[in-house]
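# Overview (structure and organization)
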Amino acid sequence: MSDHGTGLRPHEDHPDPVVAAPGAVDTAAIRVVMQTTDKPRVAVIGAGSWGTTFAKVLAEGGADTVVWARRPEVAREITETKRNSEYLPGINLPRTLTASTSLSAVLDGAQQVYVSVPSQSLRSNLAAIASLLPEDVPVVSLMKGVEKATGLRMSEVLHEGLGIDRERIAVASGPNLALEIARRQPTAAVVSSTSLDTATAVATVATNPYFRSFTNTDVIGTEFGGVLKNLIAVAIGIVDGVGYGENTKASIITRGLAEMTEFAVSLGAQSSTLSGLAGLGDLIATCQSPLSRNNTAGRLLGQGYRFDEVVRQMNQTAEGLASVAPILELAAANGVDMPIVSQVGEVLAGRLDPRNIAPHLTETDEPQGE
Ligand SMILES: NC(=O)C1=CN([C@@H]2O[C@H](COP(=O)(O)OP(=O)(O)OC[C@H]3O[C@@H](n4cnc5c(N)ncnc54)[C@H](O)[C@@H]3O)[C@@H](O)[C@H]2O)C=CC1
Ligand SMILES: O=C(CO)COP(=O)(O)O
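Residues numbered from 1 in each chain as written. Chains lettered and ligands numbered in written order. Predicted model: local features only at pLDDT ≥ 70, side-chain atom pairs only at ≥ 80, totals over all residues. Heavy atoms only, no water.

What counts here: UniProt positions are given in the numbering used here, feature names are shortened, and annotations may be inferred rather than shown by experiment.
An unreviewed UniProt entry annotates the chain as Glycerol-3-phosphate dehydrogenase [NAD(P)+] originating from Curtobacterium luteum. Taken verbatim from the UniProt record of the chain, the Sequence similarities (unreviewed entry) comment is "Belongs to the NAD-dependent glycerol-3-phosphate dehydrogenase family." Taken directly from UniProt, the Subcellular location (unreviewed entry) text for the chain runs: "Cytoplasm".

As structure tokens, then:
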């Protein structure tokens, strides 16, 4: 069997029963694991849709991967049947992937640790992780929210809660809808750390034939890109739910990117990061896809459901809903106008009829330079 130029050895005794989606990478190229020598041992904290998918990415890139699941039934299903049917229906996980509810078992010997729990729950999980974290290993945030109570980015919460150097922390972001990646559709991501060595070490492990990780050192831009595109995706969902068409959505996406960029740059990001995978790339994916939970939450709001009804209907994490308020506080503190995000906040609060969101792309009715 050819290794399709990957340099990786086909793993022939585990025929993969996943049916490739149209356009997915040739499964023969994917049905491989790295040579067993120097297989990095990695831990993924969180067994929801993204934690499980990222664990699959890492395992299919050759890493010896173990997942921490909060619920025993989820850990058991992953380990015994190689499925996570609640979050990734129809997806077969790699034979080598296992999960456990024991943090010490998962973290023991880990050379890299990836964290993917809902942003608002991160801090409460860190005390237990801190005492078990192997020394000097990189810790990678896969999350796209800010902490509601503090406005801190997830890498900042990791820094505070784990008491580790910023150079050890990385964030991974980009147009990464979990189910598409779980189906092995080709995808790019960006891994960012203030230390390029850390970003490179993580990106090397978080790469496989269908998932390619780029690197940068703009952690602020990379993280805010992932947070802010969720808010614009809620706005897109709202106008979709109302029934507006493509002009409205293109206007919101384009002005939304300008809003995202101004905000992030005011807090220290490089504007080029917002034009990259973690900004524009993720904005396109999230605003276009019905797989997006933020987009879905917005659509329900646009269809007339109240905020509490939307929260009840969502059985997965829609980070944007909790991030609106802290982002608007940061914007106000930095003198940045965010007309689209402000109006998402007004719709969430029940103070603005979703049908009135679209015209308000600026703060005033005076013509403004683009
Ligand atoms: N699903 C996706 O396509 C992507 C998600 N992300 C980000 O990944 C992060 C996690 O999201 P998903 O996995 O999609 O969410 P999810 O809703 O699919 O799963 C969340 C997981 O966290 C667990 N959990 C809930 N409360 C917890 C707590 N207090 N402590 C520990 N674990 C808890 C749940 O049991 C579940 O396993 C979010 O920040 C999201 O923005 C990033 C890229 C893609
Ligand atoms: O971050 C994502 C895609 O990159 C997933 O978006 P949702 O959280 O809206 O599903």
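Moving on from the model shown.
### Topic: the packing of helix α9 (residues 219–242) against helix α15 (residues 320–333)
A pair of packed helices can be characterised by two numbers: the angle between their axes and the separation between those axes. Heads up, the rule is: Axis lines are fitted through C-alpha atoms, for helices just across the contact stretch, and the angle between N-to-C directions can take any value from 0 to 180 degrees. Segments assigned H or I by DSSP are reported as helices when at least four residues long, segments assigned E as strands when at least two residues long, and all are numbered from the N terminus. Roughly parallel covers angles under 35 degrees, roughly antiparallel covers those over 145, roughly perpendicular covers 65 to 115, and oblique covers all other angles. Left-handed describes a crossing whose near helix is turned anticlockwise from the far helix by less than a right angle; the clockwise case is right-handed. Whether two residues are in contact is decided by their heavy atoms, any of which lying within 4.5 Å being enough.
Relative to each other, α9 and α15 sit at 110°, their axes nearing to 9 Å. Considered as vectors, α9 and α15 are oriented roughly perpendicular to each other. Viewed along their axes, α9 and α15 form a crossing whose handedness is left-handed. The segment α9 lies against α15, with Phe 224, Val 227, Leu 228, Asn 230 and Leu 231 engaging Gly 320, Ser 323, Val 324, Ile 327 and Leu 330.

### Digging into the UniProt feature "binding site: sn-glycerol 3-phosphate" (unreviewed entry) in the chain
The cut-off we apply is this: The buried label goes to any residue with under 20% of its type's maximum accessible area, the exposed label to any with over 50%, and the partly exposed label to all in between, with areas taken from a 1.4 Å probe on protein chains only.
If you check UniProt for "binding site: sn-glycerol 3-phosphate" (unreviewed entry), the listed places come out as Lys 144, Gly 174, Lys 229, Asp 282, Ser 292, Arg 293 and Asn 294 in our numbering. Looking at the element boundaries, Asp 282 is found in helix α12 (residues 277–288). Residue classification places Asp 282 among the buried residues on the basis of a relative accessible area of 2%. For Asp 282, the residues in contact, after removing those within four places along its chain, are Lys 144, Ser 173, Gly 174, Pro 175, Asn 176, Gly 226, Lys 229 and Leu 277. Along the chain, the position of Arg 293 falls in helix α13 (residues 293–302). With residues near it in sequence (within four places) discarded, Arg 293 still touches Ser 49, Met 314, Gln 316, Thr 317 and Ala 318.

### Examining the site of ligand 2
This is how it is decided: Note on definitions. A residue lies near a molecule or strand when any single heavy atom of the residue is within 4 Å of it. The definition of a polar contact used here is a pair of N or O atoms within 3.5 Å, where within protein one atom must be able to donate a hydrogen and the other to accept one, and adjacent residues in sequence count solely through side-chain atom pairs. All accessible areas in this document rest on Shrake-Rupley with a 1.4 Å probe, and a residue is counted as covered only by the protein chains that are shown. The classification used treats Ala, Val, Leu, Ile, Met, Phe, Trp, Tyr, Cys and Pro as nonpolar, Asp, Glu, Lys and Arg as charged, and all other residues, Gly among them, as polar. Residue ranges for the domains originate in an automatic or database domain assignment.
What surrounds ligand 2 is the set Lys 144, Gly 174, Pro 175, Asn 176, Leu 177, Lys 229, Asp 282, Thr 286, Leu 291, Ser 292, Arg 293 and Asn 294. The separation between an oxygen atom of ligand 2 and a polar side-chain atom of Lys 144 is 2.9 Å. Considering ligand 2 on its own, with 300 Å² of exposed area, one finds that the protein chains cover 92% of that surface. When contributions to the shell around ligand 2 are tallied by element, the ones reaching two or more residues are α12 and α13. Of the residues that constitute the shell around ligand 2, the class distribution is three nonpolar, five polar and four charged. There are two domains that each give the shell around ligand 2 at least three residues, and those are domain 1 (9–217) and domain 2 (220–356).

### Details of the site of ligand 1
Of all residues adjacent to ligand 1, which total 25 residues, the nearest are Ser 49, Trp 50, Ala 178, Thr 317 and Glu 319. Here a nitrogen atom of ligand 1 sits 3.0 Å away from a polar atom, N or O, in the side chain of Asn 125. Asn 176 is positioned such that a nitrogen or oxygen atom in its backbone is 3.4 Å from an oxygen atom of ligand 1. Considered on its own, ligand 1 offers 830 Å² of accessible surface; in the complex 88% of this is hidden by protein. Sort the elements by how many residues they give to the shell around ligand 1 and helix α2 (residues 49–60) lands first, with three residues. If you count residues domain by domain, the shell around ligand 1 takes at least three from each of domain 1 (9–217) and domain 2 (220–356).

### Re the UniProt feature "binding site: NADPH" (unreviewed entry) in the chain
What UniProt calls "binding site: NADPH" (unreviewed entry) maps, in this numbering, to Ser 49, Trp 50, Arg 70, Arg 71, Tyr 87, Lys 144, Ala 178, Arg 293 and Glu 319. Turning to its location among the elements, Tyr 87 is positioned in the loop between α3 (72–81) and β5 (98–100). Tyr 87 has contacts with Ala 47, Gly 48, Ser 49, Arg 71 and Gln 316, leaving out every residue within four places of it along the chain. Here Arg 71 takes part through its side chain, which lies 3.1 Å from a polar atom of the side chain of Tyr 87. One can find Ala 178 in helix α7 (residues 178–182). Judged by relative accessible area, which is 14%, Ala 178 ranks as buried. Ignoring sequence-local partners within four residues, the contact set of Ala 178 consists of Ser 49, Trp 50 and Thr 53.

### As for the sheet that holds β5
Basically, it comes down to this: Following DSSP output, two strands are said to pair if at least two bridges run between them.
With mixed pairing, the eight strands of this open sheet are ordered in space as β5-β4-β3-β6-β7-β8-β9-β10. Across the chains shown, the open sheet's two edge strands, defined by having one partner strand only, are β5 and β10 (211–216). When the angles between neighbouring strand axes are averaged without regard to direction, this sheet yields 25°. When strand β3 (residues 41–45) meets strand β4 (residues 64–68), the two strands line up parallel, connected through five bridges. Bridge pairing in β4 links Ile 45 to Trp 68. The sheet contacts of α12 involve β8 (169–173), β9 (187–192) and β10, and relative to β9 the element is tilted by about 145°.

### Remarks on the pairing of β9
To keep things clear, this is the line we draw: Every crossover in which the path from the first strand over the helix to the second runs clockwise, viewed with the strands pointing away from the viewer, is termed right-handed.
By the criterion of burial, β9 is predominantly enclosed, with five of the six residues buried. Bridging between β9 and β10 involves six bridges; their strand directions are parallel. Bridge assignment links Ser 192 to a residue of β10, and that residue is Asn 216. Since β9 and β10 lie parallel, the crossover through helix α8 (residues 196–205) that links them has a hand, and here it is right-handed.

### Observations concerning the packing of aromatic side chains
So the rule is basically this: Side-chain rings of Phe, Tyr and Trp, where Trp is taken by its six-membered ring, are said to pair if the distance between their centres is within 6.5 Å; with planes under 30 degrees apart they count as stacked, over 60 as edge-to-face, and otherwise as tilted.
One pass over the full model with this rule turns up four aromatic pairs. Here the aromatic rings of Phe 54 and Tyr 114 are separated by 5.4 Å at their centres, their planes lie at 35°, and the arrangement is tilted. One end of the pair, Phe 54, is in helix α2; the other, Tyr 114, is in strand β6 (residues 112–115), and 60 residues separate them in sequence. When its relative accessible area of 0% is taken as the criterion, Tyr 114 is described as buried. Between the aromatic rings of Phe 224 and Phe 263, the centroid separation amounts to 5.0 Å while the plane-to-plane angle is 90°, which identifies the pairing as edge-to-face. Of this pair, Phe 224 sits in helix α9 while Phe 263 sits in helix α10 (residues 246–266), and the two are 39 residues apart along the sequence.

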